[in-house]
Amino acid sequence: IDLDRFKSINDSNGHAAGDAVLNRVADVIQSTARKGDLCCRLGGDEFLVACPDLVDFDALRLIADGILEALHEPFDWQGTRLTCSASIGLAVSDPNIGSAEDLIRIADFALYEAKTPGSSRIASYDAALHKRRLLSLDLPSHELRPELPLRRQKIVRPAEDPEEIEEHTSELQS
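The text that follows walks through the structure, step by step, so that each part is easy to find. The model shown is predicted, which means the values in this text are computed figures rather than measured ones.

Calculation rules
- Residues numbered from 1 in each chain as written.
- Predicted model: local features only at pLDDT ≥ 70, side-chain atom pairs only at ≥ 80, totals over all residues.
- Heavy atoms only, no water.
- Helix = DSSP H or I, 4+ residues; strand = E, 2+ residues; numbered from the N terminus.
- Buried < 20%, exposed > 50% of the residue type's maximum accessible area, 1.4 Å probe, protein only.
- Contact = heavy atoms within 4.5 Å.
- Areas by Shrake-Rupley, 256 points an atom, 1.4 Å probe, with all protein chains shown as cover.
- Expected span 1.5 Å × (residues − 1).
- Axes fitted to C-alpha atoms, helices over the stretch in contact; angles between N-to-C directions.
- Parallel < 35°, antiparallel > 145°, perpendicular 65-115°, else oblique.
- Nonpolar A, V, L, I, M, F, W, Y, C, P; charged D, E, K, R; others polar.
- Salt bridge = Lys/Arg side-chain N within 4 Å of Asp/Glu carboxyl O.

Per the secondary structure count, the protein includes six helices and seven strands. Going residue by residue from the N terminus, the α and β elements of the protein occur as β-α-α-β-β-α-β-β-β-α-β-α-α. A total of 174 residues make up the protein; the buried ones form 32% of that total. Sequence-distant contacts in the protein: of pairs separated by 6 or more residues, those separated by 24 or more amount to 53%. Summing over all exposed atoms, the protein offers an accessible surface of approximately 11,900 Å²; the carbon and sulfur share of this is 52%.

Following this line, the structure appears as structure tokens:
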């Protein structure tokens, strides 16, 4: 779970308001998650909910929908009405996922997919999403983009003798 436009809350209302939003989000997540679910703040404006016994996206989506719905409710902080939204990436564990870290990593793939077209969205991880994200992160290869030829630049130490400097300069131009 990643908060949308959290920096603007800090910038426009101050860090104390941002802290109040983080506390509110934590309360919403804890009250929406089921008993036995692990809820934690990963850092910054990122949160995690681990649902150990859920194995399908429909059940996860119900929890995620509840979190987003509750977050949309404005709340008062020192006479100011604050609102918050979040984007959520969903992932379900399977035997091919080696660790909790791997599960969090693929949930991040889904999270970034949820954030791509806007805010306050939910996206689920699947193999097609994984492939799309990997392709979007890769730099184009020389074969795919011939207009970007590979050039080599020599790294040289400055020489004290002027004749050596001229020699290095001509090497760089060739």
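Our next topic: the side chain of Ser87. Within the element layout of this structure, Ser87 appears in strand β6 (residues 85–90). Those residues in contact with Ser87 that sit more than four places away from it in its chain are Ile1, Asp2, Asp4, Leu111, Ala114, Lys115, Gly118, Ser119, Ser120 and Arg121.

Glancing now at helix α2 (residues 15–32). Between the first and last C-alpha of α2 there are 25 Å, a value that for 18 residues agrees with the 26 Å anticipated at 1.5 Å per step. Turning to α2, its buried residues are Ala17, Gly18, Ala20, Val21, Leu22, Arg24, Val25, Val28 and Ile29.

The next thing to look at is the packing of helix α1 (residues 6–13) against α2. At a closest axis distance of 6 Å, the pairing of α1 and α2 adopts a crossing angle of 140°. With respect to α2, the element α1 is oriented oblique. Contacts between α1 and α2 involve Phe6, Ile9, Asn10 and Asn13 on the former and, on the latter, His15, Ala17, Gly18, Val21 and Leu22. Per-class residue counts for the contact of α1 with α2 are five nonpolar, four polar and no charged.

On to the pattern of salt bridges. Under the definition given, this model contains seven salt bridges. Across the pair Arg105 and Asp102 runs a salt bridge, and its minimum N-O distance is 3.7 Å. Of this pair, Arg105 and Asp102 both sit in helix α4 (residues 100–115), three residues apart, roughly one helical turn. A residue is classified by how much of its surface remains accessible, and Arg105, at 40% relative accessible area, is partly exposed. With relative accessibility at 24%, the residue Asp102 sits in the partly exposed group. Through salt bridges with shared partners, one network takes in Asp2, Asp4 and Lys115.

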